[in-house]
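Overview (structure and organization)
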Amino acid sequence: MKSYKVAIIGGGAAGMAAAVTCSKKFGGKNIIILEKQQKIGRKLLATGNGRCNISNLNMDITHYHGDQRIAQSVLSLFGTKNLKRFFSGLGLLLRDDPEGRMYPYSNQAITVLECIKNNLEKSGAEIRYEFLPKAIRSDSKGFTIQSDSDTVYADSVIFSCGSKASSSLGSDESGIKLLKKMGIRSAPLFPALSPVETSERYKYLKGVRSKGIVSVITDGKEIISKCGEIQFSDKGLSGICVFECSRPVNEYLCFGTVGGKKTNRLDISLDIFPELKNDALCKYLRSCRGYFADLPVSMILSGAINKKLSEALICFSGIRKSRCGDLNENDIIHLADCAKNFIFTPKKAEQFGSAQVSAGGIGSDEIDPDSLMSKKIKNLYVCGEMLNVDGDCGGYNLHFAFGSGILAANNIK
Ligand SMILES: Cc1cc2nc3c(=O)[nH]c(=O)nc-3n(C[C@H](O)[C@H](O)[C@H](O)COP(=O)(O)OP(=O)(O)OC[C@H]3O[C@@H](n4cnc5c(N)ncnc54)[C@H](O)[C@@H]3O)c2cc1C
């Protein structure tokens, strides 16, 4: 029966980075990846719309949420320079865009995966596919990992099973459940970086896009706002700026809290005219009242925004006039207010399927942030999205996955 120095459970970004690092340290023959799917790196291939936004030049702790001690520990070991060095050692060339987002030079996620796989193959590291651990035992000799048909022994184990987001790509809660059976607790999971389903459904807005500012308002106070392209769907709101605001929304919908504090009300406000102050917008609306006097009132903003969005704003404003020329001064002021504060109410929905990451997971109460080793079970490590750390859009989640995999591997003796 073959025993390995390190068994890595889950062959995603974190597990593969851990495997490359362990192979260098202990020789590939002593390393095994246990992957429940038929392929490794499936989610990696889907990242950045297939382009793989691998990291970001603007790397700092403010882009991470959840357990700050773990995020800080990974960032201190692994900045963007380290990431570049790690990947250049695998023959991967990177480039960055004007906003600092880093991509493979090929603009293809497959290049990243192939460079990693080539390296693992060359090192002789073993990958066992369709291996779903059912039970893991630890004793003084190490770990016994059992699937339905197979048993693997290892001195150390790295858990890198990902989390519940986009589980059609393979990762789910099974890793966290395995750890629970071993007595390692996890903070409850909730989706982050997801679209937001809303109670107001302007079905005709499906497919409409508009530049704007998305703000989240809790109990009357703005807690986050992001500017970008808002995408409307038949269910609610999407687009990167919506994804970036979705974390507190999902926390509120799942637990009635934001940042752990009880919250009574949460709304999303859209400013559809971020470049215009209210006065300038009123001035523009007055001129449109003249230009479009005989047209239906729903057309009043059609010279500035998509006419379906103009119609939705009239609907939201409650203005019941039939022609643009019928609008009075109060209507103009009210409509300008509505366009700069177009309110949507998030609706409870299962968003893990469309989320890019899960928030929650294993934290520094269970894991030593400096080594990522369990405080309860010696030589058991956790990395990647299983940890209670989630990042903003822009390459921060992959950076953390790779960095935490390397940190765990570096600490194995
Ligand atoms: C559509 C999409 C686009 C994204 N785009 C970006 C982006 O451009 N930039 C960015 O930074 N982040 C992006 N992310 C987030 C990023 O992909 C994840 O944060 C990252 O992949 C997490 O890496 P991981 O290794 O922890 O988990 P995963 O990549 O999910 O890998 C986990 C692996 O473990 C395996 N596994 C799970 N359970 C078990 C088990 N019990 N036994 C054995 N194997 C198991 C899974 O099959 C999988 O192979 C995106 C996510 C999605 C869904």
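A separate point is the site of the ligand. By nearness alone, 35 residues border the ligand, and E35, Q37, N53, E385 and L398 come closest of all. E35 places a polar side-chain atom, nitrogen or oxygen, 2.6 Å from an oxygen atom of the ligand. Within the contact set of the ligand, an oxygen atom lies 3.3 Å away from a backbone nitrogen or oxygen of G395. Here the shell around the ligand gets 4 residues from one element, more than from any other, and that element is helix α11 (residues 396-410). Looking at side-chain class alone, the shell around the ligand contains 13 nonpolar, 17 polar and 5 charged residues.

Looking now at the nonpolar core. Judged by nonpolar contacts, the single largest core of 80 residues is most densely connected at I54, F87, I158, F159 and F402. Of the residues forming this core, the biggest block, 9 residues, is contributed by α11. With residues near it in sequence (within four places) discarded, F87 still touches I54, L92, L94, V112, I116 and F402. Ranked by size, the runner-up nonpolar core spans 43 residues in total, among them V208, L301, L327 and F342.

Looking now at the domain arrangement of the protein chain. One can read the domain layout of the protein chain as domain 1 (3-191 + 357-410) and domain 2 (195-350). Spacing between the C-alpha centres of domain 1 and domain 2 amounts to 39 Å. Contact residues are listed per partner, giving 10 residues for domain 1 and 8 residues for domain 2. Between domain 1 and domain 2 lies a buried interface of about 770 Å² when both sides are counted; carbon and sulfur atoms form 66% of it. Together, F190, P191 and C393 form the three largest contributors to the area buried by domain 1 at its contact with domain 2, with a combined 66%. One can count 1 salt bridge joining domain 1 with domain 2. R247 serves as the salt-bridge partner of D390, at 2.7 Å between the closest nitrogen and oxygen. Viewed at the interface, domain 2 and domain 1 are joined by 2 residue pairs in polar contact (both at pLDDT 80 or more). Those elements that provide at least two residues to the side of domain 1 that touches domain 2 are β4 (64-66) and β11 (187-192). No other element matches β11, which puts 4 residues into the side of domain 1 that touches domain 2.

Attention now moves to the side chain of S55. When you line up the elements, S55 lands in strand β3 (residues 55-56). Among the residues examined, S55 registers a relative accessible area of 0% and is labelled buried. In terms of polar contacts, S55 uses its side chain to reach the side chain of H399, at 2.8 Å. The residues touching S55, leaving out its near neighbours within four places in the chain, are T80, L83, G100, R101, M102, G394, G395 and H399.

Across a sheet, paired strands are connected by hydrogen bonds in the backbone, their directions being either parallel or antiparallel. Strand order in the open sheet formed by 6 strands is β12-β15-β14-β13-β18-β19, and the pairing between neighbours is antiparallel. Edge strands, defined here as strands with exactly one partner in the open sheet, are β12 (196-197) and β19 (342-344). The pairing of strand β13 (residues 209-218) with strand β14 (residues 221-232) spans 10 bridges and is classified as antiparallel. Within the sheet, the bridge partner assigned to R209 lies in β14 and is Q231. Each of β13, β14 and β19 touches helix α9 (residues 307-317); the most contacted strand, β19, lies at about 80° to it.

So, how was this worked out
Residues numbered from 1 in each chain as written. Predicted model: local features only at pLDDT ≥ 70, side-chain atom pairs only at ≥ 80, totals over all residues. Heavy atoms only, no water. Near = heavy atom within 4 Å. Polar contact = N/O pair within 3.5 Å; in protein donor to acceptor, adjacent residues only side chain to side chain. Helix = DSSP H or I, 4+ residues; strand = E, 2+ residues; numbered from the N terminus. Nonpolar A, V, L, I, M, F, W, Y, C, P; charged D, E, K, R; others polar. Core = buried A, V, L, I, M, F, W, Y, C linked by side-chain atoms within 4.5 Å. Buried < 20%, exposed > 50% of the residue type's maximum accessible area, 1.4 Å probe, protein only. Contact = heavy atoms within 4.5 Å. Domains from an automatic or database assignment. Buried area = accessible area lost by both parts, 1.4 Å probe. Salt bridge = Lys/Arg side-chain N within 4 Å of Asp/Glu carboxyl O. Pairing = 2+ DSSP bridges. Axes fitted to C-alpha atoms, helices over the stretch in contact; angles between N-to-C directions.

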